[in-house]
Number of protein chains: 4
Amino acid sequence: MATHHLTEKAQGKFHYTIGPYAEPVLRVRPGDTVVVETADAFEGRITDERVKPSSVLEVPFLNPQSGPIYVEGAEKGDALAVHIDSILPRKDRPGGTTCLIPNFGGLCGTDLTALLHEPLPEKVWKMEVTEAGVRWNGMTFPYTPFLGTISTSPQIDSINALTGGKHGGNMDLPDVCPGATIYLPVKVPGALLYLGDGHATQGDGELCGVAVEFATITTLTVNVVKGWDLQWPRVENDRFIMSVGSARPMEDAARIAYADLVKWLESKFGFDRWDAYFVLSEVGKVRLANMVDPMYTIGASISKEYLKQR
Amino acid sequence: MATHHLTEKAQGKFHYTIGPYAEPVLRVRPGDTVVVETADAFEGRITDERVKPSSVLEVPFLNPQSGPIYVEGAEKGDALAVHIDSILPRKDRPGGTTCLIPNFGGLCGTDLTALLHEPLPEKVWKMEVTEAGVRWNGMTFPYTPFLGTISTSPQIDSINALTGGKHGGNMDLPDVCPGATIYLPVKVPGALLYLGDGHATQGDGELCGVAVEFATITTLTVNVVKGWDLQWPRVENDRFIMSVGSARPMEDAARIAYADLVKWLESKFGFDRWDAYFVLSEVGKVRLANMVDPMYTIGASISKEYLKQR
Amino acid sequence: MATHHLTEKAQGKFHYTIGPYAEPVLRVRPGDTVVVETADAFEGRITDERVKPSSVLEVPFLNPQSGPIYVEGAEKGDALAVHIDSILPRKDRPGGTTCLIPNFGGLCGTDLTALLHEPLPEKVWKMEVTEAGVRWNGMTFPYTPFLGTISTSPQIDSINALTGGKHGGNMDLPDVCPGATIYLPVKVPGALLYLGDGHATQGDGELCGVAVEFATITTLTVNVVKGWDLQWPRVENDRFIMSVGSARPMEDAARIAYADLVKWLESKFGFDRWDAYFVLSEVGKVRLANMVDPMYTIGASISKEYLKQR
Amino acid sequence: MATHHLTEKAQGKFHYTIGPYAEPVLRVRPGDTVVVETADAFEGRITDERVKPSSVLEVPFLNPQSGPIYVEGAEKGDALAVHIDSILPRKDRPGGTTCLIPNFGGLCGTDLTALLHEPLPEKVWKMEVTEAGVRWNGMTFPYTPFLGTISTSPQIDSINALTGGKHGGNMDLPDVCPGATIYLPVKVPGALLYLGDGHATQGDGELCGVAVEFATITTLTVNVVKGWDLQWPRVENDRFIMSVGSARPMEDAARIAYADLVKWLESKFGFDRWDAYFVLSEVGKVRLANMVDPMYTIGASISKEYLKQR
């Protein structure tokens, strides 16, 4: 089991689209650990609170991704299991950033919910980020870091790094955090793992479209589950198992997540289909990950205590 | 401060539509406590697991409501504050019921998501409900009782008891539970409080459309907040404040809840609008109440710890 | 076969909610003709272009309806067949009105799509309406009059006159015009027919939320189809048959309309279910009626030429 | 002005994803005409009515596209103007095909609207297609051919050929037919035009997910409009101008289309923004192109007669 280091410098450049067309920057074996320096979602361009986001951000060059990392032995029809060991703030790129970007966010018109309003005002907030917390204007938010974006490659498409889907992508799901294992479908040889979009903290839905964005040192351990042909990403930790759907409208994301969880309970935990449907009706939990990206993301989970009871 | 008892017998009949056209069954004063016997959502018609739901349930005679209760002094433009003191199982109507009803639920075609599939199978599950828990087939679910439906009267409409909205109604929100205060807009003299649809436990989204339905003895204390002109229901407990939206598609329910919470932070807690938008992006919480009723319901909340920090 | 006249004066007052709780203003027999004076959607309160809509309109007192008209012999489980003979401008209330109302319309935030934008500007446009056309600022739009709202009563609910649904209601469907027969489900004795919201012309979707609103003299002939238990409104004219769905999101309105049309082809025109599904895939037509009301409305139709070919 | 011929054989292979990563198969100049042999959406694999679609179709190798065609001089920020001269049935690949594919279509559960139903039955219908009409089982549908898919390349993404979007793609819009000019945004040098998915006829919404699919000989004339920076596709013919939106939920597709049309009227036809909003409310037309693809597509149009009146 080796440990690899993927520094920002060694990556050369970041990727704004997730697909099979970029060359791997690293090759690892199942069981290996990788320590990755990720950039913040703005690639550091929002340097202070006076910067107008629209003056430094250009579509589609947003949400830079580290990778892709080629995992030996991963083939179409397998699942990639990514365990997140830790996510730490980068000392060389300190601080967190959030902002209001014109025509982006959960409570305004956007390019997909196209309206005739003038955009909301542009705003930037900078804040201190340490493992002790996120400090802003006398308030302290908890330091609950996670990766907004984690993904394997689609088979032949290449999907912009702002969009979640079957491949993972920009789910903005706070459960993709230290201690969790993320299962992603493998569609191409080597899986091609991409990651980025570190969030120091985020509310459910990522309401204004931007969390506390920060540059991270993320440590992952990568494994392959042979012959586990996933349709959508799944997450597991000490407490629960979760299926993740990304779609619009939001009810379709919820349906995907819960339908996948029914099938998981059925195929691996000995539940009859209708019992699974009923049990989730009584003890299922829903996490609204984002209500702002091109695909909304919802995770549906069940506590492991109910799996042990079977 | 008086305590009133509203037995099932005293109510005479239940209501399947919530509006200003029914005669009050009780008149109370602000500060009074009311102990209400509620029926389960099927009015007891699903007596055992061999009953086919479609053979005993008839639209629109579903989800029977207790009330209406006239609150002296409540006028249009006020808010009704309903504190839930306790919800206990009725000893004379023991047990809980859940079921699969044809063309109803979160993972099937319905009358509103009209498809060409045959309905899913009809199923009934009966279970023991006590304050110690809900027991079914060797599993124990927690006893976390709440009212699926609580409402004031709309001004001139009368809305079936299955539909949530600005008036409250069938939100199926687990936070409407003992210890919480529900704020509802008053549109008619006396507010006309309706309640029912006790759930012994329920998962997020009420996936199959039916929680553990049971008959309750619910104790409420009712107050009036003069001149608080709410647009949507709100909830408060020791830990958080929550705004509640009911709409389709689901993202509209989320937008309503969060937009209302922004305005609440702005008007009562000293937040600038954009700071409120930002803070909720980082620490807001979302509860998916139901994804099965004619209007989906979402609650958006913020912990009181962040309100104290201002 | 009698002809009845229902003048504005004889109606006394208009209704803003459609349900079983209002007293009939007229009783007719199947086959009878009724000539009704309808008010415009603003009840004439927008008297000129300087009036701010928000200063004279008050929720829920909007979209005044004539009626209800009791049809002898109509019972639950029947269909009411309303043939529209003609719709003419009222000489005593001349002219048409359209406007921009704050937080209402297809390209702005609304109370259901709740956002943080300032409302769009309020605007009023007045125009000449005659049978020769609608004249505004040098342009002429065709005079294509129809009833935005037509409805039977729900069984026990009362639904505001802005909302479409299974009962008909505010569909804003331009095919509800002279020459067409509208079939509506009967849920209460006498059916209780409501009508109003005359539009002199309207584009697909009623984009800004307001058509060319005008006061009409509408002539209808009313019949009852015994034992035709409709789930949703249907429309028939010389050229096509149409099923009408009202729901959100918009795809659900489309699904309802097309699924009902499949069933109509199956039950009355000798189509196999899958052949009907296929034939509508190739020659079905969709009319977007409104994208602005609490429920969006879509009509799905098939030309009668394909029915004759069977 | 040259005329180029792009036979199936010369293309070598078809493309299932639309992006900048494929080599151009042809280079043309503005004003040139191209005659292209397209494959049907199943690449000919559904050879007769006994074939089960699920046995010969494999995701993501669906909806094969001809191209890409490199147009000299086209640069980012320009619009590609594609005039469709004619669409004829290929004599070497005669006949049309439609079918029911499991978990695909407008009236069933799908991978995005994930439900617990068993799939609808698989079915295949074969039919004769000539310029005189589409004949099936004694019925004749009109021959109204169009390209279901037409596209320029996204800037860095590559999008599967089943999905519509800003780049065009799989819009399934019947107005993309002979006599029409399609305007598409140029994002990469040479624009990279892709086309395919010929439909001999199709109803609004493409209800079951499949039109009358056929192999075509399509003749196009290609031009470049320098400096016309489109956000979404547009269509023009003798009768109207149309803006096209692709999104979910369906109301977002409608909002995109109408908002873009408001801006087109404002920027090119001398309308004030609010007058444009109002005029489209009265005479705008909506075409539901598809309600089955990953993005639903809607076209919003206005008759040229109203543009002349300005």
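Residues numbered from 1 in each chain as written. Chains lettered and ligands numbered in written order. Predicted model: local features only at pLDDT ≥ 70, side-chain atom pairs only at ≥ 80, totals over all residues. Heavy atoms only, no water.

Peer 1: Could you clarify how one ought to interpret the overall build of chain A in this entry?
Peer 2: The secondary structure content of chain A amounts to 5 helices and 21 strands. For chain A, whose C-alpha radius of gyration is 19 Å, the value lies close to the compact-globule estimate of 19 Å for 310 residues. For chain A, the spread of C-alpha atoms along the principal axes amounts to about 55 × 45 × 40 Å. Counting across all 310 residues of chain A, residues that qualify as buried make up 68%. For chain A, the proportion of contacts with a sequence separation of at least 24, taken over those separated by at least 6, is 79%. Accessible surface for chain A amounts to roughly 10,100 Å². Of this, 50% is attributable to carbon and sulfur atoms. Counting 29 positive and 38 negative side-chain charges, chain A places the centres of these two groups 2 Å from one another. (Helix = DSSP H or I, 4+ residues; strand = E, 2+ residues; numbered from the N terminus. Rg over C-alpha atoms; globule rule 2.2 N^0.38 Å. Buried < 20%, exposed > 50% of the residue type's maximum accessible area, 1.4 Å probe, protein only. Contact = heavy atoms within 4.5 Å. Areas by Shrake-Rupley, 256 points an atom, 1.4 Å probe, with all protein chains shown as cover. Lys, Arg positive; Asp, Glu negative; His and termini not counted. Charge placed at Lys NZ, Arg CZ, Asp CG, Glu CD.)

Peer 1: Explain the interface of chain C and chain D here, please?
Peer 2: Quoted interface sizes are often the accessible area lost when the parts come together. On the chain D side, the residues contacting the 57 residues of chain C number 57 residues. Summed over both partners, the interface of chain C with chain D comes to about 4,800 Å²; 65% of that surface belongs to carbon and sulfur atoms. Across the contact surface, chain C and chain D share 0 salt bridges. The tally of links from chain C across to chain D stands at 26 residue pairs in polar contact (both at pLDDT 80 or more). Counting residues per element, the ones that place at least two in the side of chain C that touches chain D are strand S7 (96–100), strand S8 (123–130), strand S10 (139–141), helix H3 (250–268), helix H4 (273–283), strand S20 (285–290) and strand S21 (296–303) of chain C. It is H4 of chain C that contributes the most residues to the side of chain C that touches chain D, 9 residues altogether. Broken down by class, the residue content of the side of chain C that touches chain D amounts to 35 nonpolar, 12 polar and 10 charged. (Buried area = accessible area lost by both parts, 1.4 Å probe. Salt bridge = Lys/Arg side-chain N within 4 Å of Asp/Glu carboxyl O. Polar contact = N/O pair within 3.5 Å; in protein donor to acceptor, adjacent residues only side chain to side chain. Nonpolar A, V, L, I, M, F, W, Y, C, P; charged D, E, K, R; others polar.)

Peer 1: Which parts of the structure should I look at to understand the pairing of strand S20 (residues 285–290) of chain D?
Peer 2: A regular strand carries its side chains on alternate faces of the sheet. All names here are of chain D. Burial within S20 is extensive, with 5 of its 6 residues counted as buried. By the bridge criterion, 5 bridges tie S20 to strand S21 (residues 296–303) in an arrangement that is antiparallel. By the bridge assignment, Leu 288 is partnered in S21 with Ile 298. The antiparallel hairpin formed by S20 and S21 contains 5 residues in its connecting segment. (Pairing = 2+ DSSP bridges.)

Peer 1: Mind showing me how you'd approach the relation of the copies chain A and chain B here?
Peer 2: Two copies of the chain are present, and they differ by a rotation about an axis and a shift along that axis. Here chain A sits on chain B after a turn of 180° about the axis and a move of 0.0 Å along it, with an RMSD of 0.0 Å. Taken together, the rotation and translation relating the two chain copies correspond to the operation of a two-fold axis. Residues of chain A ranked by C-alpha distance from the rotation axis are headed by Met 250 of chain A, positioned 2.7 Å from it. Most of the interface of chain A is mirrored in chain B: 100% of its interface residues are interface residues there too. (Least-squares fit on C-alpha atoms with pLDDT ≥ 70 in both.)

Peer 1: Please clarify how H3 of chain C should be interpreted in this entry.
Peer 2: A turn of α-helix holds 3.6 residues, and therefore any two residues three or four places apart point the same way. All names here are of chain C. Along its 19 residues, H3 runs 27 Å from first to last C-alpha, staying within 8% of the 27 Å computed at 1.5 Å per residue. In terms of burial, H3 is largely enclosed, as 15 of its 19 residues are buried. After H3 finishes, the residue Gly 270 shows a positive phi value of roughly 75°. (Expected span 1.5 Å × (residues − 1).)

Peer 1: Help me understand the domain arrangement of chain A, please; the structure alone is not making it clear to me.
Peer 2: Residue and element names in this part refer to chain A. The domains assigned to chain A are domain 1 (3–225) and domain 2 (234–308). At the interface, 27 residues of domain 1 touch 19 residues of domain 2. Here domain 1 packs against domain 2, burying approximately 1,900 Å² in sum over the two surfaces, 56% of which is carbon and sulfur. At the boundary of domain 1 with domain 2, the tally comes to 2 salt bridges. Of the charged contacts, one joins Arg 287 and Asp 204 as a salt bridge, the two residues approaching to 2.8 Å between their closest N and O atoms. Linking domain 1 with domain 2 are 11 residue pairs in polar contact (both at pLDDT 80 or more). For the side of domain 1 that touches domain 2, the secondary-structure elements that each account for two or more residues are strand S13 (164–165) and strand S15 (181–185). If one sorts the elements of the side of domain 1 that touches domain 2 by residue count, S15 sits on top with 3 residues. A breakdown of the residues in the side of domain 1 that touches domain 2 according to their chemical character gives 10 nonpolar, 13 polar and 4 charged. (Domains from an automatic or database assignment.)

Peer 1: I tried to follow the sheet that holds strand S16 (residues 193–199) of chain C on my own but got confused; where do I start?
Peer 2: Neighbouring strands of a sheet are bound in pairs by backbone hydrogen bonds; such pairs are parallel or else antiparallel. The strand order across the open sheet formed by 6 strands is S3-S5-S16-S11-S14-S13 (chain C), and the pairing between neighbours is mixed. At either margin of the open sheet sits one strand with a lone partner, and together these are strand S3 (26–28) and strand S13 (164–165) of chain C.

Peer 1: Would you mind showing me how to read the relation of the copies chain C and chain D here?
Peer 2: Structural alignment of chain C on chain D gives an RMSD of 0.0 Å, achieved by rotating through 180° and translating 0.0 Å along the axis. Taken together, the interface assignments show that 98% of the residues at the interface of chain C recur at the interface of chain D, consistent with an identical surface on both copies.

Peer 1: Just to check I follow, could you spell out the sheet that holds strand S7 (residues 96–100) of chain A for this structure?
Peer 2: Residue and element names in this part refer to chain A. Spatial strand order, S7-S8-S9-S10: 4 strands in an open sheet with antiparallel pairing. Where the open sheet ends on each side, the last strands, each with one partner, are S7 and strand S10 (139–141). The sheet shows a mean angle of 30° between the axes of neighbouring strands, taken without regard to direction. (Axes fitted to C-alpha atoms, helices over the stretch in contact; angles between N-to-C directions.)

Peer 1: Can you help me understand the nonpolar core in this one?
Peer 2: Among soluble globular proteins, nonpolar side chains are generally buried collectively. In this structure, Leu 193, Tyr 277 and Ile 302 of chain C together with Leu 193, Tyr 277 and Ile 302 of chain D are the most contacted members of the largest nonpolar core, which totals 195 residues. Setting aside anything within four residues of it in sequence, one finds Leu 193 of chain D in contact with Ser 66, Gly 67, Pro 68, Ile 69, Leu 80, Val 82, Ile 150, Ser 151, Leu 184, Leu 220 and Val 222 of chain D. Core analysis: the next-biggest nonpolar cluster, separate from the first, contains 194 residues, Leu 120, Val 186, Ala 191 and Val 210 of chain B among them. (Core = buried A, V, L, I, M, F, W, Y, C linked by side-chain atoms within 4.5 Å.)

Peer 1: Got a minute to help me understand the side chain of Gln 65 of chain A in this structure?
Peer 2: Residue and element names in this part refer to chain A. For Gln 65, the position within the fold is in strand S5 (residues 65–71). Side-chain polar atoms of Gln 65 contact the backbone nitrogen of Gly 196, separated by 3.2 Å. Discounting residues that sit within four places of it in the chain, Gln 65 has contacts with Phe 14, His 15, Ile 18, Thr 149, Ala 161, Tyr 194, Leu 195, Gly 196 and Asp 197.

Peer 1: Looking at this structure, I do not really get the interface of chain A and chain B. What am I missing?
Peer 2: At the junction of the two partners, chain A supplies 58 residues and chain B supplies 58 residues. Contact between chain A and chain B buries roughly 4,900 Å² in total, counting both sides, with carbon and sulfur atoms accounting for 65%. Looking at the side of chain A facing chain B, the largest losses of area belong to Tyr 277, Phe 278 and Glu 282 of chain A, adding up to 15% of the total buried there. For the pair chain A and chain B, the number of links is 0 salt bridges. Scanning the region where chain A abuts chain B turns up 26 residue pairs in polar contact (both at pLDDT 80 or more). Looking at the side of chain A that touches chain B, the elements that each hand over two or more residues are S7, strand S8 (123–130), S10, helix H3 (250–268), helix H4 (273–283), strand S20 (285–290) and strand S21 (296–303) of chain A. By residue number, the principal contributor to the side of chain A that touches chain B is H4 of chain A, which donates 9 residues.

Peer 1: What is the right way to look at unusual backbone geometry in this model?
Peer 2: Leaving glycine out, the prevailing phi sign among residues is negative, and the prevailing peptide bond configuration is trans. A cis amide bond links Val 59 of chain B with the next residue in sequence, Pro 60 of chain B, at an omega value of 0°. One can find Pro 60 of chain B in the loop between helix H2 (53–56) and strand S5 (65–71). Residue Pro 68 of chain C follows Gly 67 of chain C across a cis peptide bond; omega there is 0°. The backbone of Glu 43 of chain C sits at a positive phi, close to 55°, despite the residue not being glycine.

Peer 1: For this particular structure, what's the right way to read the pattern of salt bridges?
Peer 2: When the charged atoms of two side chains with opposite charge come close together, those side chains can pair. For the structure on display, the rule yields 80 salt bridges over all chains. Between Asp 260 of chain A and Arg 234 of chain A there is a salt bridge; the shortest N-O distance is 2.7 Å. Of the two residues, Asp 260 of chain A is situated in helix H3 and Arg 234 of chain A in strand S18 (residues 234–236); the sequence distance between them amounts to 26 residues. For Asp 260 of chain A, a relative accessible area of 7% gives the class buried. On the basis of relative accessible area, Arg 234 of chain A is assigned to the buried category, the value being 7%. Residues Arg 90 of chain B and Asp 92 of chain B are paired through a salt bridge, measuring 2.9 Å at the closest nitrogen-oxygen approach.

Peer 1: Is there a simple way to explain the pairing of strand S7 (residues 96–100) of chain D in this structure?
Peer 2: All names here are of chain D. Across the 5 residues of S7, 5 count as buried, placing the element largely inside the fold. Burial along S7 is two-sided: the residues Gly 96, Thr 98 and Leu 100 and Thr 97 and Cys 99 are all buried. Inspection of the sheet shows S7 paired to strand S8 (residues 123–130) by 5 bridges, in the antiparallel sense. Each residue of the ladder has a partner; that of Leu 100, found in S8, is Lys 123.

Peer 1: How should the packing of H3 of chain C against helix H3 (residues 250–268) of chain D be read in this particular structure?
Peer 2: The description of two packed helices rests on the angle between their axes and on the distance between the axes. Running from N to C, H3 of chain C and H3 of chain D cross one another at 110°; their axes reach a closest spacing of 6 Å. Accordingly, the angle class assigned to the pair H3 of chain C and H3 of chain D is roughly perpendicular. Judged by residue contacts, Met 250, Glu 251 and Ala 254 of chain C of H3 of chain C engage Met 250, Glu 251 and Ala 254 of chain D from H3 of chain D. When its residues are assigned to classes, the contact of H3 of chain C with H3 of chain D shows 4 nonpolar, no polar and 2 charged. (Parallel < 35°, antiparallel > 145°, perpendicular 65-115°, else oblique.)

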